[in-house]
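Chains, contacts and geometry: an overview
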Amino acid sequence: MKFFIDTANLKEIKEASDMGILDGVTTNPSLMAKEGIKGNDAVIKTYIDICEVVQGPVSAEVISTDFDGIVREGEHLASLHEHIVVKVPMIKEGIKAIKYLNGKGIKTNCTLVFSPGQAILAAKAGATYVSPFMGRLDDINYDGVELVEQIVYIYDNYGYTTEVLAASVRSPLHIIRVAEAGADVVTAPFSALVKLFDHPLTDKGLAQFLSDYKKVQEAEKSST
Ligand code: G3P
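So, here is what we can say about the structure in this document.

On the surface, Asp138, Asp143, Glu146 and Glu149 cluster together to form a negatively charged patch. In this structure, Glu146 sits in helix 8 (residues 144-158). We classify Glu146 as partly exposed; its relative accessible area is 40%.

What follows is the structure in structure tokens.
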């Protein structure tokens, strides 16, 4: 399973990239706003900066909701850097635009997907990625992981090549559950990603090893 980070924070992206486990980045307008990025030029610069740090796909979201606008924005975003994947909302005009952009060889990520039916439409249009939003479904008492399982199952039935990109991750457990489900990619906030490291027995075991090795060194000193 590929690991993407869901952020527009360059420091977090660099840190995840330095760990050697980062395959790509997803962003959205809310994440840009969260970083205090102001104006279109600053957004474009952020995309280019991210693309230069990460050797992998970087999702950049359109804000148009009509076919012509989505295509115009998508072509512009795709021209910025070879890593750019154009993120398009799951609406009728978005699906039409995904079909068109796919025909032009531009990669797309169909976002705001909350049902298996929407995921089928994204695959039929030729989206490179489909982004089911797990956390937001959990928030309204639906099982977000179950949606990822359904999409993986359906795509396998028909050999759709669209990659299932599990999004709206809230916890490290989400990452593990979608790995079990067979998601191709998970995009997680930095906070959830780093929690995968944590286990109290690892900390306890390491402390024990280090303190026992001190005894080995002290024994050597006292024997010389
Ligand atoms: O990239 C989009 C998605 O991951 C959003 O997550 O936490 O705003 O539901 P969230």
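Alright, that's what it looks like, and here's the rest.
What follows deals with the sheet that holds strand 2 (residues 24-26). Around the barrel, which closes on itself, the eight strands sit in the order 1-2-3-4-5-6-7-8 with parallel pairing between neighbours. For this sheet the average axis-to-axis angle between neighbouring strands, irrespective of direction, equals 30°. When strand 6 (residues 129-132) meets strand 7 (residues 163-166), the two strands line up parallel, connected through two bridges. Of the residues in strand 7, the one forming a bridge with Tyr129 is Glu163. The sheet contacts of helix 5 (residues 92-103) involve strand 4 (84-89) and strand 5 (108-113), and relative to strand 4 the element is tilted by about 155°.

A few words on helix 6 (residues 116-125). Considered for burial, the residues of helix 6 that qualify are Ala119, Ala122, Ala123 and Ala125. In a view along the axis of helix 6, the buried residues occupy a sector of 165°, so they form one face of it. Tucked into the core, helix 6 has its buried residues touching helix 5, strand 5, strand 6 and helix 8. Phi turns positive one or two residues past the end of helix 6, at Gly126, with a value near 95°.

The biggest cluster of nonpolar side chains holds 59 residues, and the ones touching the most others in it are Val148 and Tyr155. With seven residues, the single largest contributor to this core is helix 8. Setting aside chain neighbours within four positions, we find Tyr155 in contact with Ala119, Ile120, Ala122, Ala123, Val130, Tyr160, Thr162 and Val164. With seven residues, the next largest nonpolar core counts Phe4, Val85, Tyr129 and Phe133 among its residues.

Within the structure, the ligand sits among Asp6, Asn28, Lys87, Phe133, Arg136, Ala167, Ser168 and Arg170. Note that an oxygen atom of the ligand is positioned 2.7 Å from one of the side-chain N or O atoms of Arg136. Arg170 is positioned such that a nitrogen or oxygen atom in its side chain is 2.7 Å from an oxygen atom of the ligand. For the shell around the ligand, a count of residues per class yields two nonpolar, two polar and four charged.

This part covers the environment of Arg72. Counting through the fold element by element, Arg72 comes out in helix 4 (residues 67-80). A relative accessible area of 58% places Arg72 in the exposed class. The spatial distance from the C-alpha of Arg72 to the C-alpha of Ala97 is 9.7 Å, given a sequence separation of 25 residues.

A separate point is the packing of aromatic side chains. Given two aromatic rings, their pairing is described by the distance between the two centres and the angle made by the two planes. If you walk through the whole model with that rule in mind, you get five aromatic pairs. On the basis of an interplanar angle of 70° and a centroid distance of 5.9 Å, the ring pair of Phe4 and Tyr129 is categorised as edge-to-face. Separated by 125 residues along the polypeptide, Phe4 in strand 1 (residues 2-6) and Tyr129 in strand 6 bring together distant segments of the chain. Relative to Tyr100, the ring of Phe67 lies with its centre 5.8 Å away and its plane at 80°, an arrangement referred to as edge-to-face. In this pair, Phe67 is assigned in helix 4 and Tyr100 in helix 5, connecting sequence segments 33 residues apart. On the basis of relative accessibility, which here comes to 22%, the residue Phe67 falls in the partly exposed class.

So, about the packing of helix 4 against helix 5. Interaxial distance between helix 4 and helix 5 falls to 9 Å at its minimum, and their mutual angle equals 45°. Judged by the inter-axis angle, helix 4 sits oblique to helix 5. Judged by the twist between their axes, the crossing of helix 4 over helix 5 is right-handed. Contacts between helix 4 and helix 5 involve Phe67, Ile70, Val71 and Glu75 from the former and Glu93, Gly94, Lys96, Ala97, Tyr100 and Leu101 from the latter. Grouping the amino acids of the contact of helix 4 with helix 5 by side-chain chemistry returns six nonpolar, one polar and three charged.

Rules used in this analysis
- Residues numbered from 1 in each chain as written.
- Predicted model: local features only at pLDDT ≥ 70, side-chain atom pairs only at ≥ 80, totals over all residues.
- Heavy atoms only, no water.
- Patch = residues over 30% accessible without salt bridge, like charges linked within 9 Å, V, L, I, M, F, W, Y side chains within 5 Å.
- Areas by Shrake-Rupley, 256 points an atom, 1.4 Å probe, with all protein chains shown as cover.
- Salt bridge = Lys/Arg side-chain N within 4 Å of Asp/Glu carboxyl O.
- Lys, Arg positive; Asp, Glu negative; His and termini not counted.
- Charge placed at Lys NZ, Arg CZ, Asp CG, Glu CD.
- Helix = DSSP H or I, 4+ residues; strand = E, 2+ residues; numbered from the N terminus.
- Buried < 20%, exposed > 50% of the residue type's maximum accessible area, 1.4 Å probe, protein only.
- Pairing = 2+ DSSP bridges.
- Axes fitted to C-alpha atoms, helices over the stretch in contact; angles between N-to-C directions.
- Contact = heavy atoms within 4.5 Å.
- Arc of directions from axis to C-beta.
- Core = buried A, V, L, I, M, F, W, Y, C linked by side-chain atoms within 4.5 Å.
- Near = heavy atom within 4 Å.
- Polar contact = N/O pair within 3.5 Å; in protein donor to acceptor, adjacent residues only side chain to side chain.
- Nonpolar A, V, L, I, M, F, W, Y, C, P; charged D, E, K, R; others polar.
- Phe/Tyr/Trp six-rings, centres within 6.5 Å; stacked < 30°, edge-to-face > 60°.
- Parallel < 35°, antiparallel > 145°, perpendicular 65-115°, else oblique.
- Left-handed = near helix turned anticlockwise from the far one by under 90°.

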